[in-house]
Amino acid sequence: MEEAVTAGQLRERGNALFQAGDHAAALAAYTRALSLCDAGPERAVLHRNRAACYLKLEDYAKAEADASKAIEADGRDMKALFRRSQALQKLGRLDQAVSDLQRCVSLEPKNKAFQEALRALGSSMHEKMKTMSCTDSKVEQMFQILLDPEEKDTDKKQKAAQNLIVLAREEAGAEKIFQSDGVRLLTQLLDTAKADLMLAALRTLVGLCSGHRSRTMAILAELGAPRLSAVLGVEHEQVSLAACNLLHVMFDSLKEGLQKDFRGKEDAVVLDSSKDLKLLIKHLLELLALEGASAHGRDNALNLLIKVVPRKSPKETNNSMSLWVIDQGLKKILEVGSTVCGTPGSLPVTENSRMSASVLLSKLYDDLKCDAERENFHHLCEDYVRSWFEGHELAGKLRAIQTVSCLLQGPSDAGNRVLELEGIMDSVLSLCASVSEAHQLVAVEALIHAADKAKRASFITANGVSLLKEIYKHSERDSIRIRALVGLCKLGSAGGTDFSMKQFAEGSTMKLAKQCRKWLCNETIDAGTRRWAVEGLAYLTFDADVKEEFVEDKAAMQAMFHLAKSEDRSVLYAVASTLVNCTNSYDHEEPDPQMLELAKYAKQHIPEQHPKDKPDFVKRRVRKLLAAGVVSALACMVKSDNPALTNSCRELISRVFLALVEEAEDRGGVVAQGGGKALIPLSLEGTEVGQTKAAQALAKITITSNPEMAFPGERIYEVVRPLVSLLHLQRTGLENFEGLMALTNLAGISERLRQKILKEKAVPMIEGYMFEEHELIRLAATECMCNMAMSKEVQELFLAEGSDRLKLMVLYSGEEDEKLRRAASGTLAMLTALHPPICKRIPQVTVHWLEILQALLLSPSVELQHRGAVVVMNMMAAEREVAEQLMASEMLEILSVLAKDKDKPRVAQAAKDSLAQAVAYGIIKPNPGQE
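Everything numeric in this text was worked out from a predicted model, so none of it was measured.

(A) Structural view of the overall build of the chain. Each helix and strand counted, the chain has 54 helices and 0 strands in total. Across the 931 residues of the chain, 53% fall into the buried class. Long-range contacts, defined as pairs at least 24 residues apart, comprise 69% of the intrachain contacts of the chain with a sequence gap of at least 6. Carbon and sulfur atoms make up 51% of the accessible area of the chain, which totals about 43400 Å².

Laid out in structure tokens, this is it:
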């Protein structure tokens, strides 16, 4: 049990940690001290100290807040005033920063640091004012050109529009446009209904709203939510997309964008944006069911709702926005999901609309926290389906069945509930035999989506298989036959990868797969229908024989990759699933032999692996996929900003990438085709498993490739966070090892990369793995620390009070494992060269230090000898007292012998330098026979 500590002790601990460079730990200590402290003056000091930590951690808003609390307690607290001025300067609020600095100078007129800071800030203010005055006339001129109906020079107008957009991206320019009646003028541009002017206005408004809540609220009040919603729903695709981007930026700013706000010192005006958020969402929901809205506008509205309504993380407790959207708009979302294309009065939709509606419904359902909330969701869905199914004759039944399909693709629990409503399943089966292609399509698709839902599978197997076979054999329409085939594929793959569980007769699966490949390659069939061929393969490729035939058919693979790059993004999951099956990149654990014996004894079913799923077959399949261009297809899939790229889909793509980089010789090709770039977003967003798989793939590439070539420019810095995530304790030993190896490579490249690794708080984790029992992980951590030791902050950590870091490194230099000795002694050589105070500390950390150094010098390994000789040389140069301790031992004799060894010139030179230093100190006399 931890002893009780006082606020004063915690403050002292925080001070020590801050001095050692561990700013995050110092912040935690000060925060804990605040929770124990009631005294006003003491709390002010802690707030001031926390402000210093936040400045170091680059969280300037919190630094300003803490410094302000210290100033409230004591208006003459110069440290707090100075820290607040630094924070305000970083936040762009220069006028307030100047005011604080002027106060510092008035309190302490002779302080040169205050005077210099005020002078520098004054010049920054001057430059800003100069820029602002210069832009005044430019803004006015640009609007004149754009709004002048007589201006016929198209190039001139385009240039003015582009300049306005660029100006709005800078805070000074954005503020100038806003203050110069810019919003009214931009509204006029929107009202021209000319696509180029509307695009210029929307893109300029994005700059004005980015990260600025008060300005966003003012712009929203001026433009009005109905106008923005109307622009989103226009036919022009680019204008609709630009409006979607603007609304997304507005949502972000209304939720959290206070970073660029120019607020008063007292921050007295608290802006409540919740009403504005609900108003925007209300109009988006109305747009979904609006007949006059374009299909692209509807898709963009769905995409926005997916991004802004559900909680980003389960850690957020408030799901009120999702509850409000379900109550106000669930039926409007279902209106899109239930649309049957080609029927009278149907809403204009794209091939992606129903999938987007399914994803939104799924995210809303997943955001619910209790049974009562879920029950309400179910009731609303059931009421909607009944409203169409009862009393609307055939057209209503089709809408009801289409709704079932939409729910089964999204929140399948809700789909299963409505599927069990009286008459629904019977209608699905009867409509499968309809003479109308449109009716048959709706019914067959519903049957397919129901086929892999556990509650209905046995019913459909009993009632649907014969019907699907009949449709497949006798229908004259390929669009119907291909869907019936997919239903059969789903039912036929119920055994998954288990070779011993086959639903169909021998050879039937292969025949179905062959037909799928044939349809996939038939370019005369529309892409929306060919997508179903990929859906079929996603199920059939559980069978290893099907996988082998598929990778031999290069035309089929390339046809699938071409579909993956098309505008119909609903194919993404099926493509990713097929590739996961072909590369065997799903999770599979080797069964425990004892459990197998027990299962046999109890006559339980035992899963069997197909002979063609063994590693050699998988490796050959991976090579064939690479040759067919799988990497460029995956990279294109990752770029998609579409709801179809769900977190589950991202995880599948990450699994495939990890399988593709398994062999070191394949990694260069994967990087060359854009795989390295594609893996970065996969490692930062999605399911935890997906992020980890992508991070591990990045680690494998970083270990065996030149990181600067694999991740050129700024991209190399984006790789650090995913690699650090592999060091977390819940990761496997292999993931820890590969993460450490990759970070070792990065840490050896530049100080900026080492700083990035430090900023991601990797050093404590690297240290932890230096104590790991597994020798390879321990070695990798020590090698990583060796490269990190080139950084000044890390060197200081080795001198921190109460730390055993240096002791561990000295002891590891005396271990039996030669590789570990090499890494540890290399770290010591670097530390003693770059940070001389460490030389004085080595004799204090362990009584065995001398014998460890002597053992290094006497090692049969030249590399270890050289590292030991460099450590001794650095220690000799650091301080006379240390040199005397070294020379009083057998070290003098060892160095004398090594200095004469002509076969090891580097070792001999270091030994000579050590002896020369001893002579310079007067500890020993020079040998007359030597130089």
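(B) The arrangement of the pattern of salt bridges in detail. For the coordinates displayed, the defined rule picks out 45 salt bridges. In this structure, Asp66 engages Arg50 in a salt bridge whose closest nitrogen and oxygen atoms are separated by 3.0 Å. With Asp66 in helix H4 (residues 60–73) and Arg50 in helix H3 (residues 40–56), this residue pair connects regions lying 16 residues apart in the sequence. In this pair, the class of Asp66 matches that of Arg50, namely buried. Between Arg621 and Glu548 there is a salt bridge, and its shortest N-O distance comes to 2.7 Å. Note that Arg621 is positioned in helix H33 (residues 615–628) and Glu548 in helix H29 (residues 544–552), a separation of 73 residues in sequence.

(C) Spotlight on the side chain of Thr403. Examined against the element boundaries, Thr403 turns out to sit in helix H20 (residues 393–409). Take Thr403: its relative accessible area is 0%, and that puts it in the buried class. Residue contacts for Thr403: discarding those within four places in its chain leaves Leu334, Gly337, Ser338, Tyr384 and Val385.

(D) Spotlight on the packing of helix H19 (residues 371–389) against helix H21 (residues 412–419). For the pair H19 and H21, the least separation of the axes is 10 Å and the interaxial angle reads 45 degrees. Taken together, the axes of H19 and H21 are oblique relative to one another. Here H19 and H21 pass one another in a crossing that is right-handed. Residues Glu375, Phe377, His378, Cys381, Glu382 and Val385 of H19 form the contact with H21, whose participating residues are Asp413, Ala414, Arg417 and Val418. In terms of residue class, the contact of H19 with H21 is made up of 5 nonpolar, 1 polar and 4 charged.

(E) Up close: the nonpolar core. Formed by 268 residues in total, the largest nonpolar core has its most connected members in Ile653, Phe657, Leu660, Met788 and Leu886. Sequence-distant contacts of Leu886, defined by excluding residues within four places in its chain, comprise Trp849, Leu850, Leu853, Val872, Met875, Met876, Met891 and Leu892. Tyr30, Ala33, Cys53 and Ala87 belong to the second-largest nonpolar core, a separate cluster that totals 16 residues.

(F) Just the packing of aromatic side chains, in detail. Under the criterion given, the structure shown has 2 aromatic pairs. On the numbers, 5.1 Å between centres and 65 degrees between planes, the contact of Tyr365 with Phe377 is edge-to-face. Linking Tyr365 in helix H18 (residues 353–366) with Phe377 in helix H19, this pair joins segments that are 12 residues apart in sequence. For the pair formed by Tyr365 and Phe377, the shared burial category is buried. In this arrangement the basic side chain of Lys397 is found over the ring face of Phe389, its NZ or CZ atom lying 4.9 Å from the centre.

(G) Fine view of the environment of Gly14. Within the secondary structure, Gly14 is located in helix H1 (residues 7–19). Taking the C-alpha atoms as reference points, Gly14 and Leu27, 13 residues apart in sequence, are found 6.9 Å from one another. Dropping the residues within four chain positions of it, Gly14 is found in contact with Ala26, Ala29 and Tyr30.

(H) Focus on unusual backbone geometry. Phi at Asp181 takes a positive value of approximately 60 degrees, unusual for a residue other than glycine. By the element assignment, Asp181 lies in the loop between helix H9 (171–179) and helix H10 (182–191). Note on Asp181: relative accessible area 36%, which makes it partly exposed. The phi dihedral of Ala193 is positive, around 65 degrees, even though this residue is not glycine. Relative to the elements of secondary structure, Ala193 occurs in the loop between H10 and helix H11 (195–209). Residue classification places Ala193 among the exposed positions, given a relative accessible area of 61%.

(I) Just the packing of H18 against H20, in detail. The interhelical angle for the contact between H18 and H20, taken along N-to-C directions, is 55 degrees, at an axis separation of 8 Å. Classified by the interaxial angle, the pair formed by H18 and H20 is oblique. Here the hand of the crossing between H18 and H20 comes out right-handed. Here H18 contributes Arg354, Met355, Ala357, Ser358 and Leu361 to the contact with H20, which in turn contributes Gln402, Ser405, Cys406, Leu407 and Gln409. Taken together, the residues of the contact of H18 with H20 break down into 5 nonpolar, 4 polar and 1 charged.

(J) Quick peek at the confidence of the model for the chain. Overall, the predicted model of the chain reaches an average pLDDT of 83, with 90% of residues at or above 70. Of all helices and strands in the chain, the one with the weakest mean pLDDT is helix H32 (residues 593–601) (53), whereas helix H41 (residues 720–725) scores best (94). Overall, residues 257–271 carries pLDDT values under 50, and its contacts beyond four positions in sequence, including any with other chains, amount to 33 contacts. The low-confidence segment residues 495–503 (pLDDT under 50) makes 22 contacts with residues lying over four places distant or belonging to another chain.

(K) The arrangement of helix H47 (residues 805–812) in detail. For H47, the set of buried residues is Leu806, Leu808, Met809, Val810 and Tyr812. Close packing links the buried residues of H47 with helix H45 (775–788), helix H48 (818–834), helix H49 (837–845) and helix H50 (849–857).

(L) Local environment of the environment of Ala44. In this structure, Ala44 sits in helix H3. For Ala44, a relative accessible area of 8% gives the class buried. Taking the C-alpha atoms as reference, Ala44 lies 7.6 Å from Ile71; in sequence the two are 27 residues apart. Among residues more than four places away in sequence, those in contact with Ala44 are Ala70 and Ala73.

(M) Representation of the environment of Leu57. Residue position: Leu57 is located in the loop between H3 and H4. Overall, Leu57 belongs to the partly exposed group, its relative accessible area being 31%. Between the C-alpha atoms of Leu57 and His23, which are 34 residues apart in sequence, the distance is 7.1 Å.

The rules behind each value
- Residues numbered from 1 in each chain as written.
- Predicted model: local features only at pLDDT ≥ 70, side-chain atom pairs only at ≥ 80, totals over all residues.
- Heavy atoms only, no water.
- Helix = DSSP H or I, 4+ residues; strand = E, 2+ residues; numbered from the N terminus.
- Buried < 20%, exposed > 50% of the residue type's maximum accessible area, 1.4 Å probe, protein only.
- Contact = heavy atoms within 4.5 Å.
- Areas by Shrake-Rupley, 256 points an atom, 1.4 Å probe, with all protein chains shown as cover.
- Salt bridge = Lys/Arg side-chain N within 4 Å of Asp/Glu carboxyl O.
- Axes fitted to C-alpha atoms, helices over the stretch in contact; angles between N-to-C directions.
- Parallel < 35°, antiparallel > 145°, perpendicular 65-115°, else oblique.
- Left-handed = near helix turned anticlockwise from the far one by under 90°.
- Nonpolar A, V, L, I, M, F, W, Y, C, P; charged D, E, K, R; others polar.
- Core = buried A, V, L, I, M, F, W, Y, C linked by side-chain atoms within 4.5 Å.
- Phe/Tyr/Trp six-rings, centres within 6.5 Å; stacked < 30°, edge-to-face > 60°.
- Lys NZ or Arg CZ within 6 Å of the ring centre and 35° of its normal.
- pLDDT = per-residue confidence, 0-100.

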